[in-house]
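The residues making up each chain are set out below.
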Amino acid sequence: MKKWLLLLLSCTLVFTLAACSEGSGKDVTGGVEIKQVSDMKGTVRVALAGWQLDNGINAQTGNPTIGLTEYMDKTFKKMYPNIKVELYQIPWENVKAKQTAMLMSGDADVLYTGGAFASQWYQDGLLRDLDDLIKEDTSFDPVIYLDGIMNNSYSTKSPDGSKQFGIPAVLGRRMTIYDKKLFSDWGVEGLTEKAPPEEILEKAKKMTGKNPKTGEQNYGVYWSGNSLNGSTFVALTLAFGAKGAEGSLKDVKSIKWHLNTPEMVKVMEWLKEAAKLPPAGFITAQGAENFGLEKNNIAIALDSTGGATMNEFIANNNKDLLDRFEPVMNMGPKGEGWVAVDPFVMAKNAKDVKASWEVLKFLTSPMTQKYTYENFAMTPTIKQADFVKPEDKYVKKALDIANVGHSELMDEANPFYMSDIVPAVNGFISKAASGNAPDIQQFLDELQDRAEKWSANLK
């Protein structure tokens, strides 16, 4: 998930806007004058996965941060003084269980959560469609959001794509980033803007070994070998045209599996070859601690964020690193990859729908996305994110990738993908890294058989 969120309190904290901590005295509106827009009355209970409620310090940059409580007090409370907003902060570690319980017991009206959780809750009938609210509200413009995640994501749309149940609030950043210094040291031409897997593998092989200029060990490529959502695997399936499955999450029993096709063989062959190139710790997501920093020894990082480099720039104004670490699109045909989207959703049995919609709409608004970007480096989900720092090429690239993004059945919203496919692929990567990769066709045939039995046994 998001690393900074894991630093939050380990217990559930309950706050109301009336009980905010001592104010920072800072402007949180960007100079916009906040005026009352409605005298609507109501109470809205908001369950937030990980958001920081109190003022604090950004552990990565050392800069002060303004918590959501103060932000809401200076903005939403002035706009809707008669709507009482109760904020419940829940750590990511146990958010699915706690938010599910809140939905089933009717203790939450609006929720911010992980996209896969939202998709599952919608299929379980726990969330409300938002289409009628969007249609009736002339002040809400759905066009401001990136098309790829507003209209083509299981995190915001029903499985058949006909209903809108979520509004995208935070975007995951996953792009290919390469170290121009190491490329120069090795005399290798930089990556193309939409570098496919073949190009990445070819150039990565050339830069694995002793650096000809420094004599230090370099590694051609890196990705997280134990990713919980298999994001690199997803990007590879897109790049090689390996669908993996056809059908709809609306009827998972009828999914047609295509896990042992020639295209999927190419995906696994790439992983087998590439697994020889990263530092050994990559199979447990270790070994890239210096990527994006001065002492980096990895030429290409897949599904990377640029976070370390931007934090260094914000903290120390280090422009050299910004110039050194260059982002390009992901590995799909249009530069797409797996795009994580965390939405705001509304409970099926929300007590005050109109007031809940005003809160949900505000928390996904450009103003709030500006606030979360500036304080917590959250990636926005809107097309015109003019508040992004001019130097922040990583967020800009993530927005480009998201705009061409689309959900496929090789996605965390697919229960079999998460329960069986990702662990199996990660196991394959681990064995390949040690030179003991299983026979690819046999591996895929067995995975295909498991998938077919899984579908057949569903009730």
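Going by the structure above, here's the rest.
Residues numbered from 1 in each chain as written. Predicted model: local features only at pLDDT ≥ 70, side-chain atom pairs only at ≥ 80, totals over all residues. Heavy atoms only, no water.

## Focus: the pairing of strand β10 (residues 217-222)
- Note that strand β9 (residues 209-210) and β10 share two bridges and pair antiparallel. In the sheet register, G209 faces β10, and the bridge partner there is N218.
- A loop of six residues connects β9 with β10, the two strands running antiparallel in sequence, and G215 in this loop sits at a positive phi of about 80°.
- With three bridges connecting them, β10 and strand β13 (residues 298-304) associate as parallel partners. Residue pairing for β13: V221 is matched across the bridge by I300. (Pairing = 2+ DSSP bridges. Helix = DSSP H or I, 4+ residues; strand = E, 2+ residues; numbered from the N terminus.)

## A short note on the sheet that holds β10
- Strand order in the open sheet formed by five strands is β9-β10-β13-β8-β14, with mixed pairing between adjacent strands. Of all the strands in the sheet, just β9 and β14 (325-328) have a single pairing partner and so form its edges.
- Sheet analysis places strand β8 (residues 175-179) next to β14, joined by four bridges and oriented antiparallel. Its bridge partner lying in β14, D179 is registered against F325.

## Quick word on the packing of helix α3 (residues 95-105) against helix α4 (residues 115-123)
- Taken N-terminus to C-terminus, the directions of α3 and α4 make an angle of 30°; their axes are 11 Å apart at the nearest point. In this view, α3 runs roughly parallel relative to α4, as classed from their interaxial angle. Handedness of the crossing formed by α3 with α4: right-handed. Mapping the contact onto sequence places V95, K96, Q99, T100 and L103 in α3 and F117, Q120 and W121 in α4. (Axes fitted to C-alpha atoms, helices over the stretch in contact; angles between N-to-C directions. Parallel < 35°, antiparallel > 145°, perpendicular 65-115°, else oblique. Left-handed = near helix turned anticlockwise from the far one by under 90°. Contact = heavy atoms within 4.5 Å.)

## Thoughts on the pattern of salt bridges
- If you walk through the whole model with that rule in mind, you get 21 salt bridges.
- Here E358 and K361 are joined by a salt bridge, their closest N and O atoms 3.2 Å apart. Placement of both E358 and K361 in helix α13 (residues 353-363) is noted, with a separation of three residues, approximately one turn of the helix.
- When the shortest N-O distance is used, the salt bridge between D420 and R450 registers 3.4 Å. Here D420 is found in helix α16 (residues 415-433), whereas its partner R450 is found in helix α17 (residues 440-456), with 30 residues between them in sequence. (Salt bridge = Lys/Arg side-chain N within 4 Å of Asp/Glu carboxyl O.)

## Observations regarding the nonpolar core
- Formed by 146 residues in total, the largest nonpolar core has its most connected members in L271 and I300.
- A per-element tally of this core places α16 first, with nine residues.
- The residues contacting L271, other than those within four sequence positions of it, are W223, F233, L236, V425, F428 and I429. (Core = buried A, V, L, I, M, F, W, Y, C linked by side-chain atoms within 4.5 Å. Buried < 20%, exposed > 50% of the residue type's maximum accessible area, 1.4 Å probe, protein only.)

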